[in-house]
Amino acid sequence: MIKNYFLRHAQVFFYTLGQLTRTPVATFLTVAVIGITLALPAGLYVAIENVQRLARGWEDNGQISLFLKQDVPGSSIEKLAEKIRRLPAVSWVDYVSRDAALAEFKRLSGFGEALNALDRNPLPALLVVHPAAAYSHPDKLQTLLKDLRRYNEVDLAQLDLDWVRRLHAMLELARQGVLILAAGLAVAVLLIVGNTIRLAVLNRRDEIEITKLIGGTNAFIRRPFLYAGTLQGLLGALLAWLLLALGLLLLSGPVDNLAGLYGSRFEAENLGFLATLTLIGSGGLLGWLGSRLAVGRHLRAIEPR
Amino acid sequence: MIQFTHVFKRYPGGFDALRNVNLQIQAGEMVFITGHSGAGKSTLLKLITAIERPTRGDAVVNGKNLLRLPRRRIPYFRREIGVVFQDHKLLFDRTVFDNVALPLIVTGADPHDIPRRVRAALEMVGLLSKEKMYPITLSGGEQQRVGIARAVVNKPPLLLADEPTGNIDSKLSDEILDLFLDFHHHGVTVLIATHDGHLINRARQRVIELKQAELVSDSGAAA
Ligand SMILES: Nc1ncnc2c1ncn2[C@@H]1O[C@H](COP(=O)(O)OP(=O)(O)OP(=O)(O)O)[C@@H](O)[C@H]1O
Ligand SMILES: [Mg+2]
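It should be emphasised that the depicted structure is a prediction, and the values quoted were computed from it without experimental measurement. By convention here, each chain's residues receive numbers from 1 onward along its written sequence. Key to labels: chains lettered from A, ligands numbered from 1, both in the order written. Selection of residues for local features in this predicted model requires a pLDDT of at least 70, selection of side-chain atom pairs for listing and counting requires 80 or more, and totals for whole chains, interfaces and linings are taken over all residues.

Digging into the site of ligand 1
All names here are of chain B. For each residue, a C-beta atom is placed from the backbone, and the residue is labelled near a molecule or strand when this atom is within 6 Å of it. Near ligand 1 lie 13 residues; those nearest to it are Tyr 11, Ser 37, Lys 41, Ser 42 and Thr 43. Helix and strand assignments follow DSSP, with helices taken as H or I runs no shorter than four residues and strands as E runs no shorter than two, numbered in order from the N terminus. Secondary-structure elements contributing two or more residues to the shell around ligand 1 are strand 2 (15–25) and helix 1 (41–48). Of all the elements, helix 1 adds the most residues to the shell around ligand 1, at three residues. Throughout, the ten residues Ala, Val, Leu, Ile, Met, Phe, Trp, Tyr, Cys and Pro are labelled nonpolar, Asp, Glu, Lys and Arg are labelled charged, and all others, Gly among them, are labelled polar. Its residues assigned to classes, the shell around ligand 1 comprises four nonpolar, eight polar and one charged.

Structure follows, in structure tokens:
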């Protein structure tokens, strides 16, 4: 009994597959539209994930840069560094002298020759203050920042975390945007599948009518259409994934170059395992739901006469 | 098997297709329904197969009251009735074999039994050699016989036919009548709507006549 049940479902599955391959252009068009529609939010999601992953690397060095005034002598700097080092909110302090700053700038920027032409070092000395872990909360960092600004030697105090934080807020916003977009496009997929199935139902009007006449239940008549919708949804999701992979492949060169410029070995990643499952699952589910809604409505209209 | 008491059928638009029809058909009977065009023969068959619902009256088929039969039970109700349609209603994108197999697939018959049962039905109507052909390549009489094979493949206790010899020559219609007589002799209840007098005379079975939506004569059960 159970075996027959599965056998029957397998038969419907292959029958449906056959039907889909018999109209390859129509099937391809539907799958392509679903694929592109799903690729849009999925692509944005991938972009956000990657930027966020990139930003996580910077988050750890939550640090305050103190740019000192040009005329502060080295000995006072040492003293200041020592003072700051003893603050309870501070874990350690790095001192980057003006010469060291210039050397590093030359190394990183590639402007070495040009800088040699300058008759004096334009860069300020820098104290990089690393806050203690217990003081990493934004409010406490803000207090520390205010305290550090009060030193006379300090020209400019800058909390490097600010923009990371802003970036995160923006990413969060973008994430919400993607959700809303995804919801809208999910409705679009429902409509696409619904319309395809509607046409399929109308095309097979006679077959449906005859099946009803010889005692086919609605569930029996629905089954191939549900399979068709689900299959097209799944194939669309698969196509979306391939489109993303292709996009990332095309972008990998430029991303490599860019990362190289920043001395990083960042590599853009495609959807993770769970996100891929979610994409494929959503495709299938939307396909099923779209065909279920369409077939339910149109089946009722086809009664034998 | 079939019991109509004071059955009325009024189509939307107000046309009375059946008026106060009283009718009893026992299991195993063979009955012809005759009458001029528009008398309501097809309507009567449509009521019996739950394609249309009676407007008024008690219509009981196979123990089910057609007025109260829930929509979702209709498919199961129809599986007990084999119907031969005047316009065959075959699927033209499937082979003869697949057309005849459809009722078995619909009812979830054991897939291993299907080929044997389909071929048995095709054998009965003499079309075994054409199982792989498409209906479009068959003659009208052959298509009609495919329709008969499909109607009986499930071995339903009740067989209905609407103008089964509508547009085929007399030799062929004799053959088809013989088929129905054969089913009747095997205990199947057979109901045929036709205005083919030759057919009715040859069969010598019970005849019911409809005239302008009313049942005007009933020859009673044949001896
Ligand atoms: N769906 C419908 N809506 C309205 N009127 C209908 C409908 N079906 C049939 N009728 C009318 O009911 C009457 C009986 O029709 P029916 O098809 O039962 O006649 P019949 O005896 O089978 O005729 P024929 O021998 O021509 O097939 C006809 O006058 C027809 O116009
Ligand atoms: Mg008729």
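Digging into helix 1 of chain B
Residue and element names in this part refer to chain B. When you tally the buried positions in helix 1, you get seven out of eight residues, the bulk of the element. Those residues of helix 1 not exposed but buried are Lys 41, Thr 43, Leu 44, Leu 45, Lys 46, Leu 47 and Ile 48. Ala 50, located one to two residues past helix 1, shows a positive phi value of around 60°. The exposure scheme places C-beta atoms from the backbone and then counts, for each residue, the other C-beta atoms within 10 Å of its own, assigning buried at 20 or more, exposed at 12 or fewer, and partly exposed in between.

Considerations on the pairing of strand 4 (residues 56–61) of chain B
All names here are of chain B. Pairing between strands is defined by DSSP: at least two bridges between the two strands are required. Summarising the sheet, strand 1 (residues 2–11) and strand 4 pair through five bridges and their orientation is antiparallel. Paired with Thr 5 across the two strands is Asp 58, which belongs to strand 4. Pairing analysis gives two bridges linking strand 4 to strand 5 (residues 64–65), with the strands arranged antiparallel. Within the sheet, the bridge partner assigned to Val 60 lies in strand 5 and is Asn 65. The hairpin formed by strand 4 and strand 5 contains two residues between the paired strands, and Asn 62 there has a positive phi angle of roughly 55°.

Observations regarding the pairing of strand 1 (residues 64–68) of chain A
Residues and elements named next belong to chain A. Going residue by residue along strand 1, you find Ile 64, Leu 66 and Leu 68 tucked away on one face and Ser 65 and Phe 67 left uncovered on the opposite face. For strand 1 and strand 3 (residues 126–131), the ladder comprises four bridges, and the chain directions are antiparallel. When the sheet's bridge partners are listed, Ile 64 is paired in strand 3 with Val 129.

Here's the deal with unusual backbone geometry
Residues and elements named next belong to chain B. Despite not being glycine, His 6 shows a phi value in the positive range, around 50°. Its location among the elements puts His 6 in strand 1. Taking the C-beta count within 10 Å as the criterion, His 6 has 13 such neighbours and is therefore assigned partly exposed.

Examining the domain arrangement of chain A
Each domain's extent is set by a domain assignment, obtained either automatically or from a database. When its domains are assigned, chain A resolves into domain 1 (2–58 + 165–301) and domain 2 (62–159). Taking only C-alpha atoms, the centre of domain 1 of chain A and the centre of domain 2 of chain A are 52 Å apart.

What to know about the packing of helix 3 (residues 96–106) of chain B against helix 5 (residues 140–152) of chain B
Residues and elements named next belong to chain B. Axis angles are defined between N-to-C directions and span 0 to 180 degrees, where every axis is a line fitted to C-alpha atoms and, for a helix, only to the segment in contact. Where helix 3 meets helix 5, the closest approach of the two axes is 7 Å, and the angle between their N-to-C directions is 30°. Classed by the angle they form, the pair helix 3 and helix 5 counts as roughly parallel. For the pair helix 3 and helix 5, the sense of crossing is right-handed. Residues Val 96, Asn 99, Val 100, Leu 102 and Pro 103 of helix 3 form the contact with helix 5, whose own contacting residues are Val 146, Ala 149 and Arg 150. Residues of the contact of helix 3 with helix 5, tallied by class, amount to six nonpolar, one polar and one charged. Working definition: roughly parallel below 35 degrees, roughly antiparallel above 145 degrees, roughly perpendicular at 65 to 115 degrees, and oblique for all remaining angles. A crossing counts as left-handed when the near helix is turned anticlockwise from the far one by less than a right angle, and as right-handed when that turn is clockwise. Think of it this way: build a C-beta for each residue from its backbone, and any pair within 7 Å is a contact.

Structural notes on the interface of chain B and chain A
Quoted interface sizes are often the accessible area lost when the parts come together. Across the contact, 15 residues belong to chain B and 14 residues belong to chain A. Class assignment of the residues belonging to the side of chain B that touches chain A gives a composition of nine nonpolar, two polar and four charged.

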